[in-house]
Amino acid sequence: MTAGELKGIKLIGAGLAIPLCVGVPWALFGDAVPDALKGFFGPRALGQLTAAAAILCAVLLGRGVFTLIREARASEDPRAAKRKLLILLLASSLVSGGLSASVFAYYGSQHQQASLTCSAAEGLAIPLQRQALRDAESALSKVRFFNESVYSCEKLASGLKRIEQGECPELVPPDARCRCGSQRFPEDWSEARPAKCMRYADDGSRRAERALRAK
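Please read these numbers as outputs of a predicted model, since none were measured by experiment.

(A) Focus on the overall build of the protein chain. Across its full length, the protein chain carries six helices and four strands. Starting at the N terminus and ending at the C terminus, the protein chain contains elements arranged as α-α-α-α-α-α-β-β-β-β. For the protein chain, the residues scored as buried account for 31% of the 215 residues in total. On the protein chain, roughly 13400 Å² of surface is accessible, and the fraction owed to carbon and sulfur atoms is 60%.

Shown next as C-alpha cells:
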C-alpha cells in the first residue's frame, strides 16, 4: 500500500468515525440529540457544532475518496489500481460497519445489564431493591445519554417511591408497610406467599380498586 493510499484510507476512516460511533446509536435508540449535550452546549451552539461536524465529515470523506482515485490514476496499471481501489473502499466499509456494530452491541449490553439487575430485584426486600438500583446506575448512566430508559429500573424506582408515600407497588416487598386500597400490608395479609397489589374493575366499569392477592 502506497503512502497516498494509506492517507486516503485514514481520511475516510476519520470521516466515518463520528456518524457511525455517535449518529447510529442515537438514530436507533434515542432522540437525534441527547439532552445531556443540549444542556451542556445550549440548543443554538449545539446546532452550529453539529453543522460544522457534518461539513467536516463530508470534507474528510470527499478528500479520502479523491486521494484514492488520484493514486489509482497515477498507477502504472490503472485497471489493477481501480480494482485495488474498490477493494480498499469495500474494506473501509466493512471496518466502519464493524465499528458501528460494536457500538450497537456495547449499548445493548449496557441496557440488558441494567434491565436484568433491576428485574431480578422486583418483589425483594426494600434494601435489596435500592442496592439493585445502585448496582445498575453505571449502566443506566450510559443508557440515559441516548435519552433512553430501562423499564424494569423505572418500575423498581417507581415502586420504592410509592412505598415512601405509603402506597403498595404491584409486587409488594416482604418488609414493606403500605396500603393497597382499603387494605394494609402486612396487617391485612395472612398468606405466606408474596403479595401483589392488583387493580381490577367491577362489572366492566372504569372504577378501579386495589386488592392484595397471592403472587
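(B) Representation of helix H5 (residues 126-145) in the model. Helix length check: H5 (20 residues) gives 28 Å between terminal C-alpha atoms against 28 Å at 1.5 Å per residue, within 8%. Largest kink in H5: about 55°, centred on glutamate 137. Of all the residues in H5, the buried ones are Ile126, Gln129, Ala132, Leu133, Ala136, Ala139, Leu140 and Val143.

(C) Geometry of helix H6 (residues 151-164). A rise of 1.5 Å per residue sets the reference length of H6, with its 14 residues, at 20 Å; its end C-alpha atoms lie 20 Å apart and thus fit the reference within 8%. Within the sequence span of H6, burial applies to Ser152, Cys153, Leu156, Gly159, Leu160 and Ile163. Projected down its long axis, H6 carries its buried residues within an arc of 125°, all on one side. Turned more than 90 degrees off the buried face of H6, the exposed positions are Tyr151 and Lys161. At the C-terminal side of H6, glycine 166 shows a positive phi close to 90°.

(D) The arrangement of a positive patch on the surface in detail. On the surface, Arg73, Arg79, Lys82 and Arg83 cluster together into a patch of positive charge. With three residues, the single largest contributor to the positive patch is helix H4 (residues 78-119). Structurally, arginine 79 can be placed in helix H4.

(E) Quick peek at the state of the cysteines. Summed over the entire model, instances satisfying the criterion amount to three disulfides. The side chain of cysteine 118 participates in a disulfide bridge whose partner is cysteine 153; the two sulfur atoms lie 2.0 Å from each other. With the S-S dihedral at roughly 90°, the linkage between cysteine 118 and cysteine 153 falls on the right-handed side. On the criterion of sequence distance, the pair formed by cysteine 118 in helix H4 and cysteine 153 in helix H6 is long-range, its members being 35 residues apart. Take cysteine 118: its relative accessible area is 0%, and that puts it in the buried class.

Cut-offs used in this document
Residues numbered from 1 in each chain as written. Predicted model: local features only at pLDDT ≥ 70, side-chain atom pairs only at ≥ 80, totals over all residues. Heavy atoms only, no water. Helix = DSSP H or I, 4+ residues; strand = E, 2+ residues; numbered from the N terminus. Buried < 20%, exposed > 50% of the residue type's maximum accessible area, 1.4 Å probe, protein only. Areas by Shrake-Rupley, 256 points an atom, 1.4 Å probe, with all protein chains shown as cover. Expected span 1.5 Å × (residues − 1). Bend = angle between axes of the 7 residues up to and from the residue. Arc of directions from axis to C-beta. Patch = residues over 30% accessible without salt bridge, like charges linked within 9 Å, V, L, I, M, F, W, Y side chains within 5 Å. Salt bridge = Lys/Arg side-chain N within 4 Å of Asp/Glu carboxyl O. Lys, Arg positive; Asp, Glu negative; His and termini not counted. Charge placed at Lys NZ, Arg CZ, Asp CG, Glu CD. Disulfide = S-S within 2.5 Å.

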